[in-house]
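Residue-level listing of the chains:
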Number of protein chains: 2
Amino acid sequence: MTTATGSRTSPDKHDARRRALAESALRTLGELGYTRTSLREIAQNSEFSHGVVHYYFRDKHELIVYCVRYYKETCVRRYDGVVTTATTPLELLDGFADKLVETLVEEAPMHRLWYDLRSQSMFEESLREAVLHIDGTLEDMVWRVVSRYAELCGTVPALTPRVTYGLVDGLFQQALLGFLSGRGGVLDELRATVRGLMPTLVRAEA
Amino acid sequence: MTTATGSRTSPDKHDARRRALAESALRTLGELGYTRTSLREIAQNSEFSHGVVHYYFRDKHELIVYCVRYYKETCVRRYDGVVTTATTPLELLDGFADKLVETLVEEAPMHRLWYDLRSQSMFEESLREAVLHIDGTLEDMVWRVVSRYAELCGTVPALTPRVTYGLVDGLFQQALLGFLSGRGGVLDELRATVRGLMPTLVRAEA
DNA sequence: GCATTTTCTGGACGACTGTCAGGAATCGGT
DNA sequence: ACCGATTCCTGACAGTCGTCCAGAAAATGC
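Asks: Describe the relation of the copies chain A and chain B, with residues and values.
Replies: The two copies are related by a screw motion: chain A maps onto chain B through a turn of 180 degrees and a shift of 0.0 Å along the axis, at an RMSD of 0.1 Å. This pairing of chains is accounted for by a two-fold axis. Measuring from the rotation axis to each C-alpha of chain A, the shortest distance belongs to A:Gly170, at 1.8 Å. When the interface residues of chain A are mapped onto chain B, 100% of them again fall at the interface, so both copies present the same face.

Asks: Give me the lowdown on the packing of aromatic side chains, citing residues and values where you can.
Replies: Counting across every chain of the model gives eight aromatic pairs over all chains. A ring pair is formed by B:Tyr66 and B:Tyr70, whose centres lie 6.4 Å apart and whose planes are at 5 degrees; its orientation type is stacked. Here B:Tyr70 and B:Tyr66 lie together in helix 4 (residues 60-75), a separation of four residues that amounts to about one turn. In this structure an aromatic cluster arises from ring pairing among A:Phe57, A:Tyr66 and A:Tyr70. One Lys or Arg, B:Arg18, reaches over the ring of B:Tyr66 and ends 4.6 Å from the middle of that ring.

Asks: I'd like a rundown of the packing of helix 7 (residues 108-120) of chain B against helix 9 (residues 161-180) of chain B, residues and numbers included.
Replies: Residue and element names in this part refer to chain B. Between helix 7 and helix 9, the shortest axis-to-axis distance is 11 Å and the interhelical angle comes to 120 degrees. Comparing their axes, helix 9 and helix 7 come out oblique. Here helix 7 and helix 9 pass one another in a crossing that is left-handed. Taken together, the residues of helix 9 that come into contact with helix 7 (itself represented by Ala 108, His 111, Arg 112, Trp 114, Tyr 115 and Arg 118) are Tyr 165, Asp 169, Phe 172, Gln 173, Leu 176, Phe 179 and Leu 180. Counted by class, the contact of helix 7 with helix 9 contains eight nonpolar, two polar and three charged residues.

Asks: Describe the nonpolar core, listing the residues and the values that go with them.
Replies: Among the nonpolar cores identified, the biggest contains 136 residues, and A:Trp114, A:Leu190, A:Met198, B:Trp114, B:Leu190 and B:Met198 are the most heavily contacted of them. Sequence-distant contacts of B:Leu190, that is, excluding residues within four places in its chain, are made with B:Val101, B:Leu104, B:Leu171, B:Phe172 and B:Ala175.

Asks: Go over the interface of chain A and chain B, please, and point to the residues and values.
Replies: Opposite the 40 residues of chain A that make contact, chain B presents 40 residues. For the pair chain A and chain B, the summed buried surface comes to about 3,500 Å²; carbon and sulfur atoms form 59% of the total. Looking only at chain A, the three residues that lose the most surface to chain B are A:Met122, A:Phe123 and A:Arg162, adding up to 25% of its buried area. Remark: the boundary between chain A and chain B carries two salt bridges. Where A:Glu189 meets B:Arg162, a salt bridge forms, and the shortest distance between an N and an O atom there is 2.9 Å. Run the count over chain A and chain B and you get 13 residue pairs in polar contact (both at pLDDT 80 or more).

Rules used in this analysis
- Residues numbered from 1 in each chain as written.
- Chains lettered and ligands numbered in written order.
- Predicted model: local features only at pLDDT ≥ 70, side-chain atom pairs only at ≥ 80, totals over all residues.
- Heavy atoms only, no water.
- Least-squares fit on C-alpha atoms with pLDDT ≥ 70 in both.
- Contact = heavy atoms within 4.5 Å.
- Phe/Tyr/Trp six-rings, centres within 6.5 Å; stacked < 30°, edge-to-face > 60°.
- Helix = DSSP H or I, 4+ residues; strand = E, 2+ residues; numbered from the N terminus.
- Lys NZ or Arg CZ within 6 Å of the ring centre and 35° of its normal.
- Axes fitted to C-alpha atoms, helices over the stretch in contact; angles between N-to-C directions.
- Parallel < 35°, antiparallel > 145°, perpendicular 65-115°, else oblique.
- Left-handed = near helix turned anticlockwise from the far one by under 90°.
- Nonpolar A, V, L, I, M, F, W, Y, C, P; charged D, E, K, R; others polar.
- Core = buried A, V, L, I, M, F, W, Y, C linked by side-chain atoms within 4.5 Å.
- Buried < 20%, exposed > 50% of the residue type's maximum accessible area, 1.4 Å probe, protein only.
- Buried area = accessible area lost by both parts, 1.4 Å probe.
- Salt bridge = Lys/Arg side-chain N within 4 Å of Asp/Glu carboxyl O.
- Polar contact = N/O pair within 3.5 Å; in protein donor to acceptor, adjacent residues only side chain to side chain.

This is how it looks when you write it as structure tokens:
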């Protein structure tokens with residue numbers, strides 16, 4: 001108790017445990033959603049017991065916020081590669097649209113979980129801070145893409161970051177619901193729409 | 001039992017009761033959201049007992065879908081007045097933007113309930129049919145506005161109904177979250193954004 | 001008035017929830 | 001090898017949920 005850390009095991013171990021738990025929990029959450037997921041269900045789909053969840057996280061609330069934060073942390077870097085490597089507007093456009101469609105398909109459960117959480121935050125004020133923060137990082141993510149696209153076009157974005165994000169997010173959410181509903185052609189439609197929309201998000205070239 | 005109707009009381013009475021129950025339930029649902037609202041809570045905030053809810057609705061699922069359907073039925077006619085009375089593009093533009101902001105403020109609980117339900121439908125397939133149908137009516141609603149606006153401009157819409165709705169809905173949802181979070185300036189921003197966006201939703205005049 | 005149907009009440013049931021006290025396992029220091 | 005402290009986990013608790021139901025109350029037709 002006299003050591004600086006105050007504990008025998010390193011805090012790294014503790015954090016690693018939290019991350020492992022979060023990763024397992026994310027699978028269940030993505031499958032069942034915010035409310036239908038119980039701590040027991042999370043524990044059952046993992047190697048841990050349901051009590052240990054409460055040992056590492058104060059309550060269900062903290063666990064879920066941690067999970068989504070953890071996921072989105074890597075999520076917002078998804079387009080950084082395309083942004084830095086693209087040398088022409090079209091290249092960036094295709095890369096962005098493709099990756100958008102790709103993540104929609106491959107990580108659909110994660111995305112619907114995010115929208116679920118954001119909807120819940122409209123009712124539960126305790127969720128709002130985390131949601132608004134994540135929303136901000138997503139806004140930045142989109143902004144990096146659009147402003148780089150504008151740069152490659154030799155112009156500047158036409159709208160504010162907020163509005164730009166709002167538009168793209170609306171389309172993405174719509175496509176996600178369509179995809180989950182098994183509606184055909186949704187993916188190509190999203191790709192085409194984004195490609196068509198992007199030029200209108202930047203100022204007309206001089 | 002030999003009559004054509006098969007019952008003594010008219011089915012109108014039955015439907016009227018369902019509507020009354022739905023209206024009461026909507027208040028609670030708008031306040032607490034889909035999952036945190038229990039049938040007991042709904043009953044408590046009404047003049048009925050919690051058993052009568054199950055008498056008029058098979059289960060919670062049917063009640064909530066009925067409620068949101070019932071609300072959206074009147075919701076989708078909100079802009080019809082503006083659409084028919086406006087004689088200039090600007091008039092329609094202002095009328096639409098104003099009404100959009102008005103309903104966001106005055107019926108915020110209803111709107112967040114709708115987004116809640118739509119998010120839930122990404123997980124529960126049983127909700128999907130109702131959600132997709134409502135989404136379609138909202139798409140039509142937006143389309144009526146935009147195509148009339150195009151007409152007044154002497155042109156035609158530039159995008160598909162789906163995409164047009166996706167864009168507007170994304171902005172609205174973003175503004176709703178901002179409004180509920182107490183972020184200032186959200187209303188004026190929405191109004192200004194819609195006014196600026198609308199011209200880009202129709203083809204440039206010849 | 002009675003008989004029948006509709007409407008409503010409020011309690012009971014089983015399943016499930018988040019939570020946590022207290023025991024088991026593990027570990028570092030000696 | 002042993003002990004006390006720390007870490008981890010199990011079982012049980014109190015509460016809530018949707019649902020169902022037996023029967024009271026009210027409405028209706030004759």
